[in-house]
Amino acid sequence: MSKTGQDIYSFTASIFPICRSLTGNGVRETLAMINEYISETGLNLNIYEIPTGTQVFDWTIPKEWEIRAGYIEDENGDKIIDFLDNNLHILGYSTPIDRWVDLEELKKNIYTQPEQPDVIPYVTSYYRERYGFCMSEIQKNSLRPGKYHMYIDSELRDGSLTYADLVIQGKSDQEIMITSYICHPSMANNECSGPAVLAELIKYVNAMENRRYTYRFVLNPETIGAITYLSKKYQHLKEKLVAGVVLSCVGDDRAYSIIESRYADTIADKGLKNILSHHGNVYNYSYLSRGSDERQYNAPGIDLPVVGFCRSKYGEYNEYHTSADNMDLVSPEGFQGSYDVMTEWIRAMEINDYYKVTVLCEPQLGKRGLYPTISQKGSYNEVKAMTDFIAYADGKNDVFDISNIIGIPVKDIIPIIEKLFEAGLVEKRLVNFKD
Amino acid sequence: MSKTGQDIYSFTASIFPICRSLTGNGVRETLAMINEYISETGLNLNIYEIPTGTQVFDWTIPKEWEIRAGYIEDENGDKIIDFLDNNLHILGYSTPIDRWVDLEELKKNIYTQPEQPDVIPYVTSYYRERYGFCMSEIQKNSLRPGKYHMYIDSELRDGSLTYADLVIQGKSDQEIMITSYICHPSMANNECSGPAVLAELIKYVNAMENRRYTYRFVLNPETIGAITYLSKKYQHLKEKLVAGVVLSCVGDDRAYSIIESRYADTIADKGLKNILSHHGNVYNYSYLSRGSDERQYNAPGIDLPVVGFCRSKYGEYNEYHTSADNMDLVSPEGFQGSYDVMTEWIRAMEINDYYKVTVLCEPQLGKRGLYPTISQKGSYNEVKAMTDFIAYADGKNDVFDISNIIGIPVKDIIPIIEKLFEAGLVEKRLVNFKD
Amino acid sequence: MSKTGQDIYSFTASIFPICRSLTGNGVRETLAMINEYISETGLNLNIYEIPTGTQVFDWTIPKEWEIRAGYIEDENGDKIIDFLDNNLHILGYSTPIDRWVDLEELKKNIYTQPEQPDVIPYVTSYYRERYGFCMSEIQKNSLRPGKYHMYIDSELRDGSLTYADLVIQGKSDQEIMITSYICHPSMANNECSGPAVLAELIKYVNAMENRRYTYRFVLNPETIGAITYLSKKYQHLKEKLVAGVVLSCVGDDRAYSIIESRYADTIADKGLKNILSHHGNVYNYSYLSRGSDERQYNAPGIDLPVVGFCRSKYGEYNEYHTSADNMDLVSPEGFQGSYDVMTEWIRAMEINDYYKVTVLCEPQLGKRGLYPTISQKGSYNEVKAMTDFIAYADGKNDVFDISNIIGIPVKDIIPIIEKLFEAGLVEKRLVNFKD
């Protein structure tokens, strides 16, 4: 493993403690830290603020939420739970409260995950104003009758929703998009991992020479942030976007997952599936299992070629949306795997084209030093990949198609293409994948 | 179970004793009883008579068969078998005979089903004139040497072939056809069940408000009757028919079966398969297993979108075409199941269209009271069907397609469509399925 | 088994001893013997000579190789190996050598197949000049230290490459091609079997009356011979070739194999797969397993509808490219099977067309004596194939399609077509399969 996985892990740890939500300063702080992390590139995220009340398609930008403190105190003045200990203890978007109640009344405002009695669940109430507290089922059951002080110092006020993008220009205006979301409090895999890997990919793309594609990186609060972004950009994206990936839960090391586009028929699906087919323990989820911003990018009428990419998919692992989704769940190895898949996908997308062999019948590889000159049973397996590539380099298949047919990973096809190009044996059709 | 299954069962019992054949008064009596059964609707079957000798495509209307009596008598004057006991005892379309013969000669004219030794087989000779008797293998083997009197009082004379139809107009001239056959003597599942369920469906369709489609009900002797009907109506049906179902063997409760159209590619196939996919014990038969009038509707050049529907498929159950196919084989439960599938199919056909969501990105269901306002792991499964419907309501899928993709029965999608319509969130494309 | 399998076996035995190579008199002798074998037809192969140095697409015709003698002699004058005993002992295309060396030096020029220690491997060096000797691993290991005399009396000189074709005209100019290769020394299955079956098929085709297609038989050294042939004929073949088969390894009796065309979508694939589906132990190899001249016929830009046909496929059986591929490996039964498949395929190709029933609805088979006149459960299976053929004779399916749908071998459909034609119940669309 290169040290990249470790770098991403460390950066994830640094943004983990921040209390993010749909709106508010947690989002802004996280974006500022990402800018710091990518400062070596000389690039900066563009940051946008959309005022409360703005209409975005079928939705309205909500009030901005600020939380300063939150706890439950018992009669002895002991804090049963405290937002300072874990920001999951306060229901997301809680309105303020400052009231002494008895246990029965208190319990009406406590959320737990009864089937996982030892974790604090992550609960929000974005679109109806209420307040609430979250704790483990065990803790809730241990509460003794008595008086309790419910205290939340928060504010829901007109403000704005924050999102960010960054575009790195390539030779073509056609775009590849990588996006993730920033709206969850302290959870490691289902929040911090996505922005962290995205930040590392900004560095990677910026360092690429002769970029064919323009790369668009987008970070927004999930759902309403993506809807906001699309309300401004969907016409542009429909014209330019070749393929996009939503990063989510990319920090653990248990599996690789793709969430297909609506009909699983885009080049984003084909490319990422091809790459994953050469990695172990891969889960292929249909669009019916969607859950992150691929929902908006694939909505009818939007119809963008975007898939989701996870290690363990959101909703499918036990720690999801609980306090157990912490820095122990993710690992440098997990991040490295995600980074490797994404960079392999990017390199494959960059070289992807419809190649065509330039001679009729098989070329004579031997005279170009590309074939063994002695023929004996078993001796020519080494050039099998090359001859198979040539056999299907008929101008009808892109590199993913050929890779799928001949069973060779694109990363191993790339050097073959380079040798054949040098020998003048193949040409590109120079396909515009948006045609 | 509603009482409908019981009603159909009772009506089946009432038409069971009649001796039907390709032609003759058995057909006419059955049609008259159906008119009586549907009299509450104020509707009447149109009844047609086509004279013997008329050319219908490659076929000629045969002579009309009348049978008044038939038996085998032994030397003691005891009737070994008698048409009055069971009309299966006489070979269908038997010519008259009145002759004393010895046992050896008698046996040449006896038909049995040796592998089912205790049943009377159903045997006919429509297109070559002969006479014959049917009995169980056991009975045949028990006959003692001696003289026997073969007696059939029947007539083959110029007359006519009888069939019937009934059209219930809807808002559109596009048609849905439901057909069955009337040409078998006393067999319950493979004869009486089809006309009986069809009669009940006439009542159902007549009671439907705002019928979208025009419904055509057709009853004819199998094969030549369907050919006759098509020789008069196929141009009309090619222009108007959206989907049709041939009902056969719809009275037992052991299975559900579909016989696919020639290429299994019509909306009749798609619709009925979708409905059946949510019932148990379903058998999918390809067109190679055809056997009833779907043969004519699907013939090359006719090419109508018609499938067969059975409970236990003709030819696949042991009692088929024997005296064991009697009122013990069918049941109110069996009829109710067939009736439920057919009415579910009709309702699905009526609502079927290409729906399209009216907003870009996901609609905000919460503000319309269609979504829970609190978000916690596991809490939103209840609206999964609705969001999945919306995800594929892109104007490219009909309701059966969406049902197949999202795995929800159409009957559960209907209320979703109604809610979304009310909320202005979907629109119909108003597809003409004959385009 | 007819005596044809025995005839082919005997002819194979007669050409087995000849030392063929890419070029040279071995090829010419073999072609002369084939002309002798088919002399009863009055036909002769056309024989072509292409000079050394001629450019054929990406390749150059090599020098012609002549070998007169070759052996290794020990200090006692005993010949360790001798070309006269087995022509596999000399590396194909060896340059001359006449030198005494010690064991260590000798071994550098010895080729064995270590994992099959008791066979002489078949090794060549066509495109780089070197010399060498082949023997079993066991023999090599038994050599004692000492002096050895390496002796090869051979010549690589400007000459020519030899190939042959023969065209038997049919009513149409559209062509069916059967080809094999002649360039291997004494190996029975992977060399002699192909030309021998091809020669027998020349007799068969010549004897066919009313040939629909023109048949092209081609024999050439593998790879460069096919490339040479295509450099002269590919435009003609692209215009005329309906289907072609490369025969290779068609003499053993262990399996049947097809090597699919590049996309497995040609009528050659469809036809041969259909025929084989009614034989036992069939292996279906994708184009990724190609190895003989189907590589050239299917190359991008050539794109001809050609498949490979083998019994045990080259490269897949243990004796392949060794001295164990001898006359014990092949058998009259093996040849008969190949011959039967190929002649069945030819007959099927000849009758293949898009048939259409001439009447609407099912025809009345009974009045034409094509259907039993008595109907009883189980009595009509005998005409099932005929009614199924009619059901799909809608002008959209060729005979292979119908055979695949209804599961009846084409050879059993041919008499059905003949009866229906006679009865005027079907017509041909007279399809030009090159359209």
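Residues numbered from 1 in each chain as written. Chains lettered and ligands numbered in written order. Predicted model: local features only at pLDDT ≥ 70, side-chain atom pairs only at ≥ 80, totals over all residues. Heavy atoms only, no water.

> Would you mind going over the relation of the copies chain B and chain A with me for this structure?
Copies of the same chain, two in number, are related to each other by a rotation about an axis and a translation along it. For the pair chain B and chain A, the superposition axis carries a translation of 0.0 Å, the fit reaches an RMSD of 0.1 Å, and the rotation angle comes to 120 degrees. Taken together, the turn and the small shift mark the pair as related by a three-fold rotation axis. Ranked by how close their C-alpha atoms come to the rotation axis, the residues of chain B are headed by Asp265(B), at 13 Å. (Least-squares fit on C-alpha atoms with pLDDT ≥ 70 in both.)

> When you look at the packing of aromatic side chains in this model, what are you seeing that I'm missing?
For any pair of aromatic rings, the description consists of the separation of the ring centres together with the inter-plane angle of the planes. Following the criterion strictly, the structure yields 54 aromatic pairs over all chains and no others. Relative to Tyr339(C), the ring of Tyr204(C) has its centre 6.1 Å away and its plane inclined at 85 degrees; by these criteria the two rings are edge-to-face. Of the two residues, Tyr204(C) is situated in helix α5 (residues 188-207) and Tyr339(C) in helix α9 (residues 332-351); the sequence distance between them amounts to 135 residues. Residue Tyr339(C) is classed as buried on the basis of its relative accessible area, which comes to 12%. Among the aromatic side chains, those forming a connected cluster through ring pairs are Trp59(A), Trp65(A), Tyr93(A), Tyr126(A) and Tyr127(A). It is Lys313(A) that lies over the ring of Tyr285(A); its NZ or CZ is 5.2 Å from the centre. In this structure, Arg290(C) packs its charged tip against the face of Tyr287(C), placed 4.8 Å from the ring centre. (Phe/Tyr/Trp six-rings, centres within 6.5 Å; stacked < 30°, edge-to-face > 60°. Helix = DSSP H or I, 4+ residues; strand = E, 2+ residues; numbered from the N terminus. Buried < 20%, exposed > 50% of the residue type's maximum accessible area, 1.4 Å probe, protein only. Lys NZ or Arg CZ within 6 Å of the ring centre and 35° of its normal.)

> Before we go on, may I ask you to explain the interface of chain B and chain A in this structure?
Much of the literature gives interface size as the accessible area that the parts lose upon coming together. Facing 27 residues of chain B, the contacting portion of chain A comprises 36 residues. Across the chain B to chain A interface the summed buried area is about 2600 Å²; carbon plus sulfur atoms make up 49%. A salt bridge links Arg368(B) to Asp58(A); the shortest N-O distance between them is 2.8 Å. At the boundary of chain B and chain A, one finds 14 residue pairs in polar contact (both at pLDDT 80 or more). Among the elements of the structure, α10 (384-392), β18 (394-398) and α11 (399-406) of chain B are those that each provide at least two residues to the side of chain B that touches chain A. Split into classes, the residues belonging to the side of chain B that touches chain A amount to 13 nonpolar, six polar and eight charged. (Contact = heavy atoms within 4.5 Å. Buried area = accessible area lost by both parts, 1.4 Å probe. Salt bridge = Lys/Arg side-chain N within 4 Å of Asp/Glu carboxyl O. Polar contact = N/O pair within 3.5 Å; in protein donor to acceptor, adjacent residues only side chain to side chain. Nonpolar A, V, L, I, M, F, W, Y, C, P; charged D, E, K, R; others polar.)

> Explanation requested: the pairing of strand β14 (residues 256-259) of chain C in the structure shown.
Within a regular strand, the side chains alternate between the two sheet faces. All names here are of chain C. Of the two faces of β14, both are covered, the one formed by Tyr256 and Ile258 as well as the one formed by Ser257 and Ile259. The pairing of β14 with strand β15 (residues 282-285) spans four bridges and is classified as parallel. Its bridge partner lying in β15, Tyr256 is registered against Val282. Note on the crossover from β14 through helix α7 (residues 267-276) to β15: the handedness is right-handed. Alignment of β14 against strand β16 (residues 306-310), held across three bridges, turns out to be antiparallel. Considered in β16, the bridge of Ser257 is made with Cys310. (Pairing = 2+ DSSP bridges. Right-handed = clockwise from strand over helix to strand, strands pointing away.)

> Explain α11(B) to me, please; I cannot follow it from the model alone.
Think of an α-helix as turning once every 3.6 residues; residues three or four places apart then point the same way. Residue and element names in this part refer to chain B. Across the eight residues that make up α11, a large majority, six, are buried. Taken as a whole, α11 has its buried residues at Val399, Phe400, Asp401, Ile402, Ser403 and Ile406. Buried-residue contacts for α11 involve α7 (267-276), α9 (332-351), β17 (354-357), α10, β18 and α12 (410-422). Of the residues one or two after α11, Gly407 is the one with positive phi, at around 75 degrees.

> It is not clear to me how the sheet that holds strand β6 (residues 97-102) of chain A should be interpreted in this structure. Could you clarify?
Through backbone hydrogen bonds, the strands of a sheet pair up, either in parallel or in antiparallel fashion. Residues and elements named next belong to chain A. The strand order across the open sheet built from four strands is β5-β4-β9-β6, with neighbouring strands paired in antiparallel fashion. Both edges of this open sheet fall to β5 (79-82) and β6, since each of them pairs with a single strand only. The sheet shows a mean angle of 15 degrees between the axes of neighbouring strands, direction not considered. The sheet contact formed by strand β4 (residues 64-74) and strand β9 (residues 147-157) spans 10 bridges and is antiparallel. The partner of Glu73 across the bridge, within β9, is His149. (Axes fitted to C-alpha atoms, helices over the stretch in contact; angles between N-to-C directions.)

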